[in-house]
Structure formats: C-alpha cells, structure tokens
Amino acid sequence: MLILKPKTTPLYHSRLIFLQRSLRNLGTKSSRYSRRSSDEEDDPKDQKFQNAEENQPDRLYLYKSKGQHLLTNTRILDAIVRRSDVRPTDTVLEIGPGTGNLTVKLLEAAKKVVAIEIDKRMVEVLHKRVADEGLQDKLHVICKDAMKAEFPRFDLVVANIPYGISSPLVAKLVYGGNPFRSATLLLQKEFARRLLAKPGDSEFNRLAVNVKLVADVEFVMDVSKREFLPCPKVDSSVVIIRPKAEIPDVNLDEWWAFTKTCFCKKNKTLGATFKQKKKLIELYKLAKATSSNAENSLVAKNHESDIDYDSETDEDVGFASSCSDSEMTLFKEKIVGILKTGGFHDKRPSKLSNEELLYILSLFNQAGIYFHDHVNPKGSDNVAFAAAYTS
Ligand SMILES: C[S@@+](CC[C@H](N)C(=O)[O-])C[C@H]1O[C@@H](n2cnc3c(N)ncnc32)[C@H](O)[C@@H]1O
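Residues numbered from 1 in each chain as written. Predicted model: local features only at pLDDT ≥ 70, side-chain atom pairs only at ≥ 80, totals over all residues.

- For the protein, the name recorded in an unreviewed UniProt entry is rRNA adenine N(6)-methyltransferase, with Corchorus capsularis as its organism.
- The Sequence similarities (unreviewed entry) comment attached to the protein in UniProt states, word for word, "Belongs to the class I-like SAM-binding methyltransferase superfamily. rRNA adenine N(6)-methyltransferase family." (UniProt positions renumbered as here; feature names shortened; annotations may be inferred.)

Here is the structure:
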C-alpha cells in the first residue's frame, strides 16, 4: 500500500485545513476515519491521499482509486443545483455523494435525494452532516457500487461522479429504461468534450454516437481542477444530458453491435473495416444462423475465392473451412456492394451522422446481414451494454 504524503504547496494546505474544519463541523471522529476498512485492504494498488500529516488527529483518507476528489467551491455547487432545475417535487439520484457537499444543497431543493455511495466511511460522514442540517428524512443512502446497484425511480440525476465509471454510468443512465428529465454531471473535461462532439470532430467516438441516439447533451461550464480537494490532474466540465422524447425505431442490440463494429477502428474507412477477414467470418456466421430459409441464402456455388482465411480462433478456422471460398467471396462482395450503393464505402464512421449510420444498418439488415446474435444472445440489455464500456 502506497501512502502519498500531501503536497506541501500553500494552496493544498489551506484546502486541507478547509476539509479538516468542515469535518470538525460535521462532528466526525478522527480515529474512525484514519483507519482503513477491510474493503479498502482488498485493493493493494490503491493510492490514498491524506488530508493531514499522518500524526494529526482529524483526517479522512481520500482514495484516488475511488475518484475521491471533493468539490469545495460553494458558488459552483450552487450553480450546478440551479442549472439542474430541481423542483420541490423531484426525487434526485446522486452518484457518489462523498461527504455531502452537493447532497445538502440538493436536499434543500428537492423532495427526496437517493444517494449511491460505495465508501461506507463517506456514508457515515454524510448521515451525520445531513442529520445536523435536519434534512435526514429526505435522504435515502444506498451503500453500494453504483454500477451494481439497481437504480430506483428518479426524476433527475445530479452528481459529481467518480471519473473512473463515467462511460458505463452514462450508458447505464441513458439506456437504463428508467424515464428521467435530465442528468447534470460533473465529468472529466475530455470525457465531456467527447459526449459533446459532433460527427467529424476528432473526439467523436462510439459512446458519443450511442448517447446521441437517445439523448441530447448540453455544455454548462468548465470547472478548474483547483476547485477540488485534493486537486486532481485533470480539469472538469458540467454537462446536462436530456433523454430525447422520441428515439429512432431500431433494435438497440443490433445498433450497439453495429456501432461497435464500425468504431472498432474509427479512423478506418467502412470499406477497410468490413474487409477484415475475422469480421467477415463473424458476420457470415451470424447471417447463416439468422437466415434459415433458402431465399436468404447468402451464397452461390462455384465462385472463385480471393479470401485468405487468417482466422484467429479454432472455431473460426473450423467455420471457415466448412464453407467454400466462393461463399465467402460472394458474402464479401455483397457487403462491398451495400456500402458502395449508399456511397459509404470510403467514408469513416467518425464523420457520419446517426441518420447515415441508421441507414447503413437498415441496408445491411434488409440484405440479411446482422451484427447481434439474435439466435443465441449473450447479453441483450443495458447492463451488458454498460459493461461493454467498463474495460
Ligand atoms: C468525485 S467524488 C464526489 C464527492 C462529492 N459528490 C463532492 O462533490 O464533493 C466521488 C464519490 O464517489 C464515490 N464512488 C466512487 N466509486 C463509486 C461507485 N462505483 N459507486 C458509487 N460511489 C462511488 C467516492 O467514494 C466519492 O465519494
């Protein structure tokens, strides 16, 4: 276990004092927070920040691995709550309440706050602080990993989240099947830029495409890293994600699998992506499994092949040898034909709009080419989708 000594800049110390004072104000007991819990001992790679010299009594270890950077600027906290448009009838979901800097302000504005916090030491501090404010009846805390917790019904999400779970959390929110008005999130600046990116922007990626299908993202403000305790390495931005009232009529499993294929190398042209032998074999297998009738047969016999099967798995090798070269050649030509017909063969996915991507997918599906295994689905819900973003 590596214990990081606090940096000795005056700014850092003044912030440490701020936290120590605020913890005293919260009535925390130092010894309780300076000991490590058994949960934390499970993580040997963890690095912890310490809010005081080791022999000082009031201290709360803040864990880098849990993204424990507390937002301390009241003006920014107020702005986040104001821009979230919290109504007195709202139930707000907060992911990672920490010591409650944002939670207390949300409790003042909302009917109820459901806070999901992984660290039970934080939960203790939070309960104490909220009780001191007399707001405990409005707070429900779930002490769990937000990625494993079942979200209750909520109207809004407002949170300064741990940046390590940004992608799966955003995916879980927008594809979670729980209708909500908006999610105001404090995110790492680069991640926020990706969510805000448009086709053609260098930051545009698969997550942006998938989020855009079902939600609009609005930029609210940048927040300097100096506003956090301890100071992280990166700056942050606040964005608001609003689910769209209507989403395109597309099979989401098929869409996610399709965008995964297209964006596996987002700067490759679609022609190059769909020329990869491994991909061709995978799609051919799926097409064969999906189409059971002769009309949908994707092949003709006696055709010369120009495909070199350099499959990587034994299963692929087996499959490749069980179908003729001509079958695979025709299948490849079929894919090239679809891409050329739509004028997409030489286009890069990162430059295409969702409308264009949806159109390409519809062309593939009409031709009996599928991206998701509908016959033997391995995972077909939002949890699987969120998990796909975890690694
Ligand atoms: C960036 S801090 C924000 C704290 C507080 N909201 C603030 O603004 O000062 C993130 C918080 O999320 C918690 N956290 C980290 N990973 C989590 C997870 N997987 N599920 C729920 N909470 C998590 C951390 O313990 C920490 O309290």
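A word on the environment of Val114
Thinking step 1. Locating Val114 in the fold gives a position in strand S6 (residues 112–117).
Thinking step 2. Residue classification places Val114 among the buried positions, given that 21 C-beta atoms sit within 10 Å.
Thinking step 3. As for Val114 and Pro152, which are separated by 38 residues in sequence, their C-alpha atoms are 8.1 Å apart.
Thinking step 4. Aside from chain neighbours lying at most four places away, what touches Val114 is Thr91, Leu93, His140, Ile142, Pro152 and Phe154. (Helix = DSSP H or I, 4+ residues; strand = E, 2+ residues; numbered from the N terminus. Buried ≥ 20, exposed ≤ 12 C-beta atoms within 10 Å, placed from the backbone. Contact = placed C-beta atoms within 7 Å.)

Looking at the UniProt feature "binding site: S-adenosyl-L-methionine" (unreviewed entry) in the protein
Thinking step 1. Here, UniProt's "binding site: S-adenosyl-L-methionine" (unreviewed entry) annotation points to His69, Leu71, Gly96, Glu117, Asp145 and Asn160.
Thinking step 2. Considering the arrangement of structural elements, one finds Gly96 in the loop between strand S5 (91–95) and helix H5 (101–109).
Thinking step 3. Setting aside anything within four residues of it in sequence, one finds Gly96 in contact with Glu117, Ala159, Asn160, Ile161 and Pro162.
Thinking step 4. Looking at the element boundaries, Asn160 is found in strand S8 (residues 156–160).
Thinking step 5. Beyond its immediate chain neighbours, meaning those up to four positions away, Asn160 contacts Leu71, Gly96, Leu102 and Leu186.

What to know about the site of the ligand
Thinking step 1. What surrounds the ligand is a group of 23 residues, the closest being Gly96, Gly98, Ala146, Asn160 and Pro162.
Thinking step 2. Those elements giving two or more residues to the shell around the ligand turn out to be strand S4 (70–71), H5 and S6. (Near = placed C-beta within 6 Å.)

Looking at the nonpolar core
The nonpolar side chains of soluble globular proteins are, as a tendency, buried together.
Thinking step 1. Within the largest apolar cluster, 83 residues are counted, with the highest numbers of intra-cluster contacts made by Val92, Val157 and Val239.
Thinking step 2. The element contributing the most residues to this core is helix H12 (residues 277–290), with six residues.
Thinking step 3. There are two domains that each give this core at least three residues, and those are domain 2 (70–243) and domain 3 (252–390). (Core = buried A, V, L, I, M, F, W, Y, C linked by C-beta atoms within 7 Å. Domains from an automatic or database assignment.)

Overview of the sheet that holds S8
In sheet architecture, strand pairing relies on hydrogen bonds along the backbone and comes in two forms, parallel and antiparallel.
Thinking step 1. Pairing in this open sheet of seven strands is mixed, and the strands run S7-S6-S5-S8-S9-S12-S10 from one edge to the other. One side of each edge strand has no neighbouring strand; the edge strands of this open sheet are strand S7 (139–143) and strand S10 (215–223). On average, each strand axis in the sheet is inclined to that of its neighbour by 20 degrees, with strand direction left out of account.
Thinking step 2. When S10 meets strand S12 (residues 236–243), the two strands line up antiparallel, connected through eight bridges. Bridging from a neighbouring strand, Val217 pairs with Ile241 of S12.
Thinking step 3. Contacting S5, S8, strand S9 (182–188), S10 and S12, helix H7 (residues 166–174) crosses the sheet at an angle of about 170 degrees to S9. (Pairing = 2+ DSSP bridges. Axes fitted to C-alpha atoms, helices over the stretch in contact; angles between N-to-C directions.)

Describing the UniProt feature "domain: Ribosomal RNA adenine methylase transferase N-terminal" (unreviewed entry) in the protein
Thinking step 1. Sites flagged by UniProt as "domain: Ribosomal RNA adenine methylase transferase N-terminal" (unreviewed entry) map to residues 76–245.
Thinking step 2. Secondary structure content for residues 76–245 is 34% helix and 28% strand, while the C-alpha to C-alpha distance between its ends is 29 Å.

A word on H12
Thinking step 1. Across its 14 residues, H12 extends 20 Å between first and last C-alpha, which sits within 8% of the 20 Å expected from 1.5 Å per residue.
Thinking step 2. Buried within H12 we find Leu280, Ile281, Leu283, Tyr284, Leu286 and Ala287. (Expected span 1.5 Å × (residues − 1).)

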